[in-house]
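Residues per chain are reported as follows:
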Amino acid sequence: MAHRPLTFDLAAEIAETVRPALSDAVATTDLGEVTQDKGGGHTAHKVDDVAEQVLFDALRRRGFQGQVFSEEAGLVRLGAEPRMIVCDPYCNTTLTFHGVRESAVAVYEYTVEGEFLSGAIADIQIPRVVWADPDTGAHVSNLSGDTRAAACSSVQRVEDAFLVVSLLKRNRRQHPPLTLLAGPKLLGTVDGAIVAARIAVGEVDGFVDHEFGQPSYETLAYELVARAGGRVTDPAGEPIDFGAIVRGLGRGEVRRHRILAIANPSLHRDVRAHLAG
């Protein structure tokens, strides 16, 4: 069995702290309390704060001495080692407290120069973690202990595919890709790291955010798709430079990155053709 990296342990620990609380109606109400208005319609909830505290407690227990970029805390320096943890401690918070349980915990580790060391996305709905490292590739592990290789699907045409298009929020629906929306066999609109995890294990065939873009710390989820055999580019077909994103986060910069994360090259070409149409 492949050795599970630090990011696996961190993602699993946060998920296993949060998941039981969300099954308790009283705790869920408490965790939904808004603790911060971040502007632009974005808020932080108590669950975000709890998950982030688990992250930092776990890093300190392990003596981590690098940098951390977390969605709520921003850039935090715990020491001088040339390593960086990037974390979205609880992805899709707002959906959770509107009754839509499509959420994940995402943790990645890079060198400060942007070299990938490992990444892990823990599924809140299912007790499993999708993860990857440079040596052994992408995997999915049930928390009961079973591990198998993760691989994207082989669906090659849009009409046979389950695609997710980032249209959930109002500002993303101003310029919808109408020719693409009409094509897929199945279509979803939820975005975030949970979508990347499901593409990497072949349950979803692709993700399209061609107009507005994903924030830097969420874009990194799609490196796991690439390591599971997917094709990850911008809408023009140029590869996403994950290393450059990490170097930007190391300066405290968060940008938006338009992205096509598609299971394989043939389907990627078909998605781009539908967007062009």
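Attention in this report is confined to the structure presented alongside it. If you're wondering where the values come from, they're calculated on a predicted model, not measured in any experiment.

Bringing the pattern of salt bridges into the picture now. Inspection of every chain in the model, using the stated rule, returns 16 salt bridges. Close ionic contact of Arg61 with Glu13 constitutes a salt bridge, the shortest N to O distance being 2.6 Å. Of this pair, Arg61 sits in helix 3 (residues 46-61) while Glu13 sits in helix 1 (residues 6-22), and the two are 48 residues apart along the sequence. Taking relative accessible area as the criterion, Arg61 reaches 55% and is therefore assigned exposed.

Compared with the 24 Å implied by 1.5 Å per residue over 17 residues, the 25 Å span of helix 1 between its first and last C-alpha is a close match. Every buried residue belonging to helix 1 is among Leu6, Thr7, Phe8, Leu10, Ala11, Ala12, Ile14, Ala15, Val18, Arg19 and Leu22, and all of these are buried.

A separate point is the side chain of Asn264. Within the secondary structure, Asn264 is located in the loop between strand 15 (256-262) and helix 10 (265-276). At 2.8 Å, the side chain of Asn264 and the backbone oxygen of Val155 are in polar contact. Once residues within four sequence positions are removed from consideration, Asn264 is found in contact with Ser153, Ser154, Val155, Gln156 and Arg231.

Attention now moves to the sheet that holds strand 15. One open sheet holds the five strands; their spatial order is 12-11-13-15-14, and the pairing between them is mixed. The sheet terminates laterally at strand 12 (186-188) and strand 14 (231-233), the two strands that pair on one side only. Recorded for the sheet is a direction-independent mean angle of 15° between the axes of neighbouring strands. Looking at chain direction, strand 14 and strand 15 are connected through three bridges and run antiparallel. Paired with Thr233 across the strands is Leu260, a residue of strand 15.

Counting buried positions over the eight residues of helix 6 (residues 193-200) gives eight, a clear majority of the element. Within the sequence span of helix 6, burial applies to Ala193, Ile194, Val195, Ala196, Ala197, Arg198, Ile199 and Ala200. Where helix 6 ends, the next residue or the one after it, Gly202, has phi of about 85°, a positive value.

Turning our eyes to something else, we now look at the pairing of strand 9 (residues 137-142). In this sheet, strand 9 lies alongside strand 8 (residues 128-133) in antiparallel orientation, the contact comprising six bridges. Bridging from a neighbouring strand, Arg128 pairs with Asn142 of strand 9. The hairpin formed by strand 8 and strand 9 contains three residues between the paired strands. In terms of strand pairing, strand 9 meets strand 10 (residues 147-149) through three bridges, oriented antiparallel. Looking at strand 10, one finds that His139 is bridged to Ala149. Counted along the chain from strand 9 to the antiparallel partner strand 10, the turn is four residues long, and its residue Gly145 has a positive phi close to 125°.

Rules used throughout
Residues numbered from 1 in each chain as written. Predicted model: local features only at pLDDT ≥ 70, side-chain atom pairs only at ≥ 80, totals over all residues. Heavy atoms only, no water. Salt bridge = Lys/Arg side-chain N within 4 Å of Asp/Glu carboxyl O. Helix = DSSP H or I, 4+ residues; strand = E, 2+ residues; numbered from the N terminus. Buried < 20%, exposed > 50% of the residue type's maximum accessible area, 1.4 Å probe, protein only. Expected span 1.5 Å × (residues − 1). Polar contact = N/O pair within 3.5 Å; in protein donor to acceptor, adjacent residues only side chain to side chain. Contact = heavy atoms within 4.5 Å. Pairing = 2+ DSSP bridges. Axes fitted to C-alpha atoms, helices over the stretch in contact; angles between N-to-C directions.

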